[in-house]
Amino acid sequence: MALEALLWDVDGTLAETERDGHRRAFNRAFAEASIPIHWDAATYADWLAISGGAERIRAALLALDGVDPPPEQVSRLHRRKQLHYSELVASGVLQLRSGVNSLLVQARAAGLRQVIVTTSGRRAVGALLEQLLPAGEPLFAFWVCGEDVTRKKPHPEAYSLAAERLDLPPARMLAIEDSVAGLEAARAAGVPCLISRSHYGGLEPLERFSAARAVLSGFGPAAQVLAGPACPAGPVTLSYLQALL
Ligand SMILES: [Mg+2]
């Protein structure tokens, strides 16, 4: 089966956005509102189980005070968090993970279609892509974002929508994800999935990724295959991705 499309997750897959971006943005929003919540990198792992920024803020305030916070407070904090995230991204704190740019360029040169499949907000995705992949020919045919779906990952809706728009059999696509929720979303939509484990994805036991075609520690020259076919050529290439289908 020929590989015709790559479906890229954003957070954790293109860059370590959760640990280095979103987490810090939440902390800044809490601090400026004098709310005594600060998530270090280890603590934040627990809060990642709650999908969605507003949902995460609501749960944190509920845990702090023992009462459901007013919706206006949650939405105000969430708006501030989003602003801080955009500012952090624009300040250059995030970089593409090793090997990602090379794969994006190889795939474009080979004529593969590439799309974004995330359930994060379109504004955060836009800020990140503008900073990390500026100028040049657009790499992605389209983005599926949180605003386009009613259910976030691990629900398969985002992948089903992307597959429909690509108008290809799912077996000719490869999803690239970093997390168990992302893998589950792709799998439930019938899209084969490769895992490039991020900081937080790396805290999950390897067995939880058993539905993936392969599990890698990343794409760069130092990347290791943790499960699946060996990649003898060193850095991950398109022919390796092709062989996973
Ligand atoms: Mg992710």
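Residues numbered from 1 in each chain as written. Predicted model: local features only at pLDDT ≥ 70, side-chain atom pairs only at ≥ 80, totals over all residues.

Visitor: Can you help me understand the domain arrangement of the protein in this one?
Guide: Many authors give the size of an interface as the accessible area that is lost as the parts come together. If you check the domain split of the protein, you get domain 1 (5–16 + 95–243) and domain 2 (18–90). Measuring from the centre of the C-alpha atoms in domain 1 to the corresponding centre in domain 2 gives 25 Å. Taken together, the 13 residues of domain 1 in the interface contact 12 residues of domain 2. Residues that form the side of domain 1 that touches domain 2 fall into these classes: 5 nonpolar, 4 polar and 4 charged. (Domains from an automatic or database assignment. Contact = placed C-beta atoms within 7 Å. Nonpolar A, V, L, I, M, F, W, Y, C, P; charged D, E, K, R; others polar.)

Visitor: Hey, could you run me through the packing of helix α1 (residues 17–32) against helix α4 (residues 71–90) in this one?
Guide: Axis separation between α1 and α4 bottoms out at 8 Å; the angle between their running directions is 130 degrees. Regarding the angle of α1 to α4, the classification is oblique. As for the relative orientation of α1 and α4, their crossing is right-handed in sense. Here α1 contributes G21, H22, R24, A25, F26, R28, A29 and E32 to the contact with α4, which in turn contributes L77, R80, K81, H84, Y85, L88 and V89. Tallied by class, residues from the contact of α1 with α4 come to 7 nonpolar, 3 polar and 5 charged. (Axes fitted to C-alpha atoms, helices over the stretch in contact; angles between N-to-C directions. Helix = DSSP H or I, 4+ residues; strand = E, 2+ residues; numbered from the N terminus. Parallel < 35°, antiparallel > 145°, perpendicular 65-115°, else oblique. Left-handed = near helix turned anticlockwise from the far one by under 90°.)

Visitor: Mind showing me how you'd approach the pairing of strand β5 (residues 193–196) here?
Guide: Within a regular strand, the side chains alternate between the two sheet faces. Side-chain alternation along β5 places C193 and I195 on one buried face and L194 and S196 on a second face that is also buried. Sheet topology places strand β4 (residues 173–177) next to β5; 3 bridges connect them, and they run parallel. Bridging across to β5, A175 finds its partner in C193. With helix α8 (residues 180–188) bridging β4 and its parallel neighbour β5, the resulting β-α-β unit is right-handed. One ladder, built from 3 bridges, connects β5 with strand β6 (residues 214–216); its direction is parallel. The partner of I195 across the bridge, within β6, is V215. (Buried ≥ 20, exposed ≤ 12 C-beta atoms within 10 Å, placed from the backbone. Pairing = 2+ DSSP bridges. Right-handed = clockwise from strand over helix to strand, strands pointing away.)

Visitor: For this particular structure, what's the right way to read the sheet that holds β6?
Guide: Strands pair in a sheet through their backbones, by hydrogen bonds, and they do so in one of two ways: parallel or antiparallel. The 7 strands lie next to each other as β3-β2-β1-β4-β5-β6-β7, forming an open sheet whose pairing is mixed. Strand pairing shows two members of the sheet lacking a second neighbour, β3 (143–144) and β7 (225–227), which therefore form its edges. With 2 bridges joining them, β6 and β7 adopt antiparallel strand pairing. When the sheet's bridge partners are listed, L216 is paired in β7 with V225.

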